[in-house]
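Architecture at a glance
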Amino acid sequence: MCTTCGCGDTKLVPVDVHEKILAGNDRAARHNREHFLEQGVLALNLMGSPGAGKTALLEATARATHGRWRLGAVSGDLATDNDARRLEAAGIPSRAITTGQGCHLDAELVHNALHGFPWRDLDVFFIENVGNLVCPAIYDLGQAANVVALSLTEGEDKPLKYPVMFKAADLVVLTKSDLLPHLDIKVERILDGLRRVMPHPSVIQVSARTGEGMADWARWLEERKSRVPKRAATSPGHVHDHDPSHDHSHPHADGTVHSHTHEHGGGTDHGHGHDH
Amino acid sequence: MHEYSLIQSLVTRVEAEAAARRATVVHRLVVSIGELAGVDPELFQTAYDTFRAGTICEKAPLELRRVPARWACPSCGKEIGKGEVLTCEGCALPARVAPGGDEILLETIEMEVP
């Protein structure tokens with residue numbers, strides 16, 4: 001022991017932390033989730049392999065629901081904004097999140113993408129994850145539910161091969177159902193696999209091309225939407241008086257900010273749509 | 001390849017803990033990886049060995065503990081074996097995975113403090 005200068009000796013201590021390594025991401029995800037709940041937005045994390053039909057499912061959703069809900073999306077992609085442009089063309093306001101070499105979205109990337117994007121005006125906000133059946137499963141983004149798109153062309157054994165992804169799924173959408181006659185695939189085998197990796201198996205079979213199953217998917221969305229509380233009258237982040245008529249401004253994806261006036265009824269559900 | 005971003009989070013967390021305790025050096029880390037955590041232990045180790053150079057973890061070996069995924073009925077406790085349907089036949093309830101089996105946890109940091 002050093003007794004002359006008072007520096008003291010160091011000692012070796014084990015510090016028990018017992019904390020999730022993703023605790024930081026989980027905190028950011030909780031923050032996103034609070035935002036979505038405050039604003040009455042149903043946020044869904046759509047995952048699946050590259051080419052599983054995630055973007056096509058969203059395009060078909062816009063067609064099948066005929067403007068019943070205000071849809072919006074952010075799309076994670078390594079190198080392009082192709083998906084976001086396809087969704088815009090389908091009438092779904094979208095923003096690309098280009099991840100570079102990143103194989104998944106995390107809560108902070110999603111949070112950053114919300115800035116300047118009119119997500120508060122949406123009923124359903126899709127977070128289209130990077131095409132990948134592995135990494136995205138472990139990152140909470142603040143979504144209300146995880147939806148995994150699995151195309152019939154991917155083979156019967158995918159659930160058993162990628163249990164972590166399917167365990168995280170609240171719903172599996174089997175896509176490309178119209179191709180079934182051309183494939184040596186038994187849907188029952190896929191369902192059996194899902195029951196062995198998903199404690200709450202929930203599956204809808206669709207074809208974005210023919211529209212098969214899209215009504216079931218819309219019902220699922222409706223049911224999930226009904227669980228999201230209506231936007232509170234004075235919610236943080238969108239603070240303004242609830243006079244029957246008022247001005248307010250909000251930023252848009254292209255960076256412009258504009259003001260407009262609109263009328264409200266007596267209710268607190270404060271949706272509004274307008275053209276640009 | 002999300003192992004690298006996990007290592008980044010791990011090292012940042014260790015640095016914060018070390019700074020809070022004014023540690024001079026970190027000697028060892030213990031991390032547990034659940035079978036269903038979505039992390040490949042070998043890749044995780046490789047990523048750590050690559051990333052730790054120049055950080056406070058430079059001289060700290062990483063000990064990995066693998067935690068198997070054990071599924072059981074939340075009501076009667078009956079275990080459900082690997083590959084079986086994840087529903088308790090008797091109770092008609094979805095099985096639940098035991099703690100740790102689907103998580104990646106920083107368990108212990110061994111550090112030298114004044």
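Residues numbered from 1 in each chain as written. Chains lettered and ligands numbered in written order. Predicted model: local features only at pLDDT ≥ 70, side-chain atom pairs only at ≥ 80, totals over all residues. Heavy atoms only, no water.

1. Focus: the overall build of chain A
Broken down by element type, chain A carries 8 helices and 10 strands. Taken over 276 residues, chain A has a buried fraction of 50%. Pairs at least 24 apart in sequence give 69% of the contacts found in chain A among residues at least 6 apart. Of the roughly 12900 Å² of accessible surface on chain A, 51% is carried by carbon and sulfur atoms. (Helix = DSSP H or I, 4+ residues; strand = E, 2+ residues; numbered from the N terminus. Buried < 20%, exposed > 50% of the residue type's maximum accessible area, 1.4 Å probe, protein only. Contact = heavy atoms within 4.5 Å. Areas by Shrake-Rupley, 256 points an atom, 1.4 Å probe, with all protein chains shown as cover.)

2. Side note on helix α1 (residues 3-20) of chain B
A rise of 1.5 Å per residue sets the reference length of α1(B), with its 18 residues, at 26 Å; its end C-alpha atoms lie 26 Å apart and thus fit the reference within 8%. Residues of α1(B) that are buried sit in contact with β1 (11-20) of chain A together with β1 (25-34), α2 (41-51) and β8 (104-113) of chain B. Remark: R22(B) follows α1(B) within two positions and exhibits a positive phi of approximately 50°. (Expected span 1.5 Å × (residues − 1).)

3. Describing the confidence of the model for chain A
For chain A, per-residue confidence averages 85 on the pLDDT scale, and 81% of positions sit at 70 or higher. Long-range and interchain partners of residues 237-276 of chain A, a stretch whose pLDDT sits below 50, account for 69 contacts in this model, where long-range means more than four residues apart. (pLDDT = per-residue confidence, 0-100.)

4. Quick look at the nonpolar core
One finds F125(A), F166(A), L10(B) and F44(B) to be the most contacted residues of the largest nonpolar core, which totals 70 residues. Excluding residues within four positions of it along the chain, F125(A) makes contact with F36(A), V41(A), L42(A), A43(A), L44(A), G72(A), A73(A), V74(A), L114(A), F117(A) and W119(A). Of all hydrophobic cores here, the second largest spans 28 residues; its members include A52(A), A60(A), V173(A) and L221(A). (Core = buried A, V, L, I, M, F, W, Y, C linked by side-chain atoms within 4.5 Å.)

5. A short note on the sheet that holds strand β3 (residues 71-77) of chain A
Residue and element names in this part refer to chain A. Judged by pairing direction, the sheet is parallel, and its 7 strands sit side by side in the order β4-β3-β5-β2-β6-β7-β8 without closing on themselves. Both edges of this open sheet fall to β4 (94-98) and β8 (203-205), since each of them pairs with a single strand only. Sheet twist, expressed as the average angle between the axes of neighbouring strands with direction ignored, equals 20°. (Pairing = 2+ DSSP bridges. Axes fitted to C-alpha atoms, helices over the stretch in contact; angles between N-to-C directions.)

6. Notes on the pattern of salt bridges
In total, this model carries 24 salt bridges over all chains according to the counting rule given. One salt bridge connects R85(A) with D81(A), and the closest N-O pair in it is separated by 3.0 Å. In this structure, R21(B) engages E17(B) in a salt bridge whose closest nitrogen and oxygen atoms are separated by 2.7 Å. Owing to a relative accessible area of 41%, R21(B) belongs among the partly exposed residues under this scheme. (Salt bridge = Lys/Arg side-chain N within 4 Å of Asp/Glu carboxyl O.)

7. A few points about the packing of helix α2 (residues 54-65) of chain A against helix α3 (residues 82-89) of chain A
Residue and element names in this part refer to chain A. Where α2 contacts α3, the axes come no closer than 9 Å and their chain directions differ by 15°. When the interaxial angle is binned, α2 and α3 end up roughly parallel. Seen along the crossing, α2 lies across α3 with a hand that is right-handed. Contacts between α2 and α3 involve T55, A56, L58 and E59 from the first element and D83, R86 and L87 from the second. Here the residues of the contact of α2 with α3 are counted per class, giving 3 nonpolar, 1 polar and 3 charged. (Parallel < 35°, antiparallel > 145°, perpendicular 65-115°, else oblique. Left-handed = near helix turned anticlockwise from the far one by under 90°. Nonpolar A, V, L, I, M, F, W, Y, C, P; charged D, E, K, R; others polar.)

8. A word on the packing of aromatic side chains
All names here are of chain A. Scanning the entire structure with this criterion turns up 5 aromatic pairs over all chains. Where F36 meets W119, the ring centres are 5.6 Å apart and the plane angle is 90°; that geometry is what we call edge-to-face. Here W119 lies in the loop between α4 (107-114) and β5 (124-128) and F36 lies in helix α1 (residues 23-38), a separation of 83 residues in the sequence. Of the residues examined, F36 reaches a relative accessible area of 2% and is grouped as buried. Ring geometry for F117 against F125: centres 6.1 Å apart, planes inclined by 45°, an arrangement best described as tilted. Look at F117 and you get buried, because its relative accessible area is 5%. According to the relative accessible area criterion, F125 is buried, its value standing at 0%. (Phe/Tyr/Trp six-rings, centres within 6.5 Å; stacked < 30°, edge-to-face > 60°.)

9. Overview of the sheet that holds β1(A)
The strands making up a sheet associate through hydrogen bonds between their backbones, and the pairing can be parallel or antiparallel. Ordered by their spatial adjacency, 4 strands build an open sheet running β1(A)-β8(B)-β1(B)-β2(B), and the pairing between neighbours is mixed. Of all the strands in the sheet, the pair left with one neighbour each is β1 of chain A together with β2 (62-67) of chain B. Across the sheet, the axes of successive neighbouring strands diverge by a mean angle of 15°, strand direction being ignored. Each of β1, β2 and β8 of chain B touches α2(B); the most contacted strand, β2(B), lies at about 165° to it.

10. So, the interface of chain B and chain A
Counting residues at the interface gives 38 residues for chain B and 29 residues for chain A. Between chain B and chain A the total buried area reaches about 2900 Å² when both faces are included, carbon and sulfur atoms providing 64% of it. Seen at the junction of chain B and chain A, the total is 2 salt bridges. Here D102(B) makes a salt bridge to K167(A), at a shortest N to O gap of 2.8 Å. The interface formed by chain B and chain A includes 15 residue pairs in polar contact (both at pLDDT 80 or more). Of all the secondary structure elements, the ones that give two or more residues to the side of chain B that touches chain A are α1, β1 and β8 of chain B. Examining the composition of the side of chain B that touches chain A, we find that 10 residues originate from one element, β8(B), more than from any other. When its residues are assigned to classes, the side of chain B that touches chain A shows 21 nonpolar, 8 polar and 9 charged. (Buried area = accessible area lost by both parts, 1.4 Å probe. Polar contact = N/O pair within 3.5 Å; in protein donor to acceptor, adjacent residues only side chain to side chain.)

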